[in-house]
Amino acid sequence: MGPVEKAVRDDVEQLGDLVGVEPSLSELAFTLAGRIDSAATGQCETCGEPIAQDDKLLPQLTRELRQTLAQLLEGRAADDDDDLGDLGSPD
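Residues numbered from 1 in each chain as written. Predicted model: local features only at pLDDT ≥ 70, side-chain atom pairs only at ≥ 80, totals over all residues. Heavy atoms only, no water.

The next thing to look at is the layout of surface pockets. Its boundaries defined by the atoms lining it, the largest pocket holds a volume of some 210 Å³. In terms of lining residues, the largest pocket is bounded by 12 residues, among which Met 1, Gly 2, Gly 34, Asp 37 and Ser 38 are the most central. The dominant element in the lining of the largest pocket, judged by the number of residues it contributes, is helix 2 (residues 22-41), at 6 residues. Split into classes, the residues belonging to the lining of the largest pocket amount to 2 nonpolar, 6 polar and 4 charged. (1 Å grid on protein atoms, 1.4 Å probe; cavity = no way out; pocket = protein on both sides within 12 Å on 5 of 7 lines; lining within 4 Å. Points joined across faces, edges and corners; volume = space filled by probe spheres on them. Helix = DSSP H or I, 4+ residues; strand = E, 2+ residues; numbered from the N terminus. Nonpolar A, V, L, I, M, F, W, Y, C, P; charged D, E, K, R; others polar.)

Written out as structure tokens, the structure is:
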């Protein structure tokens, strides 16, 4: 496991229980992070042997990972229990 995949796994673990499509999105994020690590290190995902780097995929993989993580977190933002959030309203 490379550094990007480890960071993504640690971040997802902090979310706690996953519901709905969150497990699928997290698995997709893990896969993308692993591919980013492989592209960055130039190692075969299966055997770990050095391979020619394909930097052309790295920007696309990175964008896709960001979008996947954003979608994973999107549903969590609504759970913000801010008791003081309505102080500006006259009611």
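As a further point, take the pattern of salt bridges. Counted under the stated rule, the structure contains 2 salt bridges. Of the charged contacts, one joins Arg 9 and Glu 5 as a salt bridge, the two residues approaching to 3.0 Å between their closest N and O atoms. Taken together, the positions of Arg 9 and Glu 5, both in helix 1 (residues 3-13) and 4 residues apart, correspond to about one turn of that helix. Residue Arg 9 is classed as partly exposed on the basis of its relative accessible area, which comes to 30%. Looking at Glu 5, the relative accessible area reads 14%, which means it is buried. A salt bridge links Asp 10 to Lys 6; the nearest nitrogen and oxygen atoms lie 3.0 Å apart. One end of the pair, Asp 10, and the other, Lys 6, are both in helix 1, 4 residues apart, so they sit about a helical turn from each other. Taking relative accessible area as the criterion, Lys 6 reaches 45% and is therefore assigned partly exposed. (Salt bridge = Lys/Arg side-chain N within 4 Å of Asp/Glu carboxyl O. Buried < 20%, exposed > 50% of the residue type's maximum accessible area, 1.4 Å probe, protein only.)

So, on to helix 1. For the α-helix, the turn length of 3.6 residues means that residues three or four positions removed from each other point alike. Residues of helix 1 that are buried include every one of Glu 5, Val 8 and Val 12, and no others. Along the axis of helix 1, the buried positions cluster into a sector of 65°, meaning they face one direction only. Facing away from the buried side of helix 1, by more than 90 degrees, are the exposed residues Pro 3 and Glu 13. (Arc of directions from axis to C-beta.)

Here we come to helix 3 (residues 58-74). Here helix 3 is 17 residues long and its end C-alpha atoms lie 24 Å apart, about the 24 Å a rise of 1.5 Å per residue gives. Along helix 3, the positions that sit buried rather than exposed are Leu 61, Leu 65, Thr 68 and Leu 72. Axial view of helix 3: buried residues confined to an arc of 65°, hence all on one face. Exposed and oriented more than 90 degrees from the buried face of helix 3 are Arg 66 and Glu 74. (Expected span 1.5 Å × (residues − 1).)

Right, let's talk about the side chain of Asp 37 for a bit. Assignment of secondary structure puts Asp 37 in helix 2. Despite its burial, Asp 37 pairs with no opposite charge, the nearest such side chain being Arg 9 at 8.5 Å. Within the structure, Asp 37 has its side chain in polar contact with the backbone nitrogen of Val 4 (distance 3.0 Å). If near-sequence neighbours (up to four positions away) are discounted, Asp 37 is found in contact with Gly 2, Pro 3, Val 4 and Glu 5. (Lys, Arg positive; Asp, Glu negative; His and termini not counted. Polar contact = N/O pair within 3.5 Å; in protein donor to acceptor, adjacent residues only side chain to side chain. Contact = heavy atoms within 4.5 Å.)

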